[in-house]
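Per-entry structural report
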Amino acid sequence: MIQIREAQVTDLDRMLELYSLLFGKGILNKTVETIKIWNHIITDKLYHVIVAEEDGKLVSTCTCVIIQNITYDHRPYAIVENIVTDSEYRAQGLATACLEEARKIAEKEDCFKIMLTTASKLDSTHKFYEKLGYNKQDSIAFTQWL
């Protein structure tokens with residue numbers, strides 16, 4: 001049975017496993033700093049780490065951050081990032097469910113838009129996001145690595 005929920009403090013180990021899939025490296029290190037940041041993320045009311053859990057195992061996730069704003073009649077906007085699904089669980093609608101939950105959160109917070117960023121260059125990934133209602137025509141994102 002699949003459950004879509006927000007991550008909890010106790011989910012850190014599995015989140016590190018999922019996030020390692022984003023970069024194709026070994027499992028990310030669990031350090032004192034990692035734990036400190038994770039605890040901050042989990043308690044921040046504007047930061048939502050959404051997970052899909054199957055039989056007690058986290059198998060998909062996305063992050064939705066609500067950004068306060070003074071334009072657009074003070075309506076915030078949302079940024080969705082860190083979208084990943086365990087390869088054994090892909091094509092089952094789990095990322096879709098996580099992204100739909102992010103949309104619900106953004107609507108509840110009265111956001112005027114959701115921006116999704118991805119480092120993926122795969123056309124299939126872009127088509128997946130477009131199928132969910134995201135488009136590449138309205139905005140262009142530029143990255144400057146610091």
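Right, let's walk through the structure included here. Everything numeric here is computed off the predicted structure, so don't read it as measured data.

For the rest of this paragraph, the subject is unusual backbone geometry. The phi dihedral of Tyr 72 is positive, around 50°, even though this residue is not glycine. On the secondary structure map, Tyr 72 appears in the loop between strand S3 (57-67) and strand S4 (77-85). Judged by its relative accessible area of 54%, Tyr 72 is exposed. Even without being glycine, Ala 91 reaches a positive phi, approximately 65°. Among the structural elements, Ala 91 can be located in the loop between S4 and helix H3 (94-108).

In the structure shown here, the tally under the stated rule is nine salt bridges. A salt bridge links Asp 11 to Arg 5; its shortest N-O distance comes to 2.7 Å. Note on accessibility: Asp 11 and Arg 5 belong to one class, buried. For Glu 17, the salt bridge goes to Arg 14, with nearest N and O atoms at 2.7 Å. Here the residue Glu 17 and the residue Arg 14 both occupy positions in helix H1 (residues 12-23), the gap between them amounting to three residues, near one helical turn. For Glu 17, a relative accessible area of 30% gives the class partly exposed. You can call Arg 14 buried: its relative accessible area is 15%. Each of Arg 14, Glu 17, Lys 57 and Asp 86 takes part in a single network of salt bridges with overlapping partners.

Moving on: the nonpolar core. Counting 20 residues, the largest nonpolar core has Ile 50, Cys 62, Cys 64, Val 80, Ile 83, Leu 99 and Leu 116 as its most contacted members. Elements with a minimum of two residues in this core: strand S2 (47-54), S3, S4 and H3. Looking at this core, the element that brings in the most residues is H3, giving six residues. Filtering out sequence-adjacent residues up to four positions away, Ile 50 remains in contact with Ile 4, Arg 5, Glu 6, Ser 60, Thr 61, Cys 62, Cys 64, Cys 98, Glu 101, Ala 102 and Ile 105. Among the nonpolar cores identified, the runner-up in size contains twelve residues, and Leu 16, Leu 18, Val 51 and Leu 58 belong to it.

How each quantity is defined
- Residues numbered from 1 in each chain as written.
- Predicted model: local features only at pLDDT ≥ 70, side-chain atom pairs only at ≥ 80, totals over all residues.
- Heavy atoms only, no water.
- Helix = DSSP H or I, 4+ residues; strand = E, 2+ residues; numbered from the N terminus.
- Buried < 20%, exposed > 50% of the residue type's maximum accessible area, 1.4 Å probe, protein only.
- Salt bridge = Lys/Arg side-chain N within 4 Å of Asp/Glu carboxyl O.
- Core = buried A, V, L, I, M, F, W, Y, C linked by side-chain atoms within 4.5 Å.
- Contact = heavy atoms within 4.5 Å.

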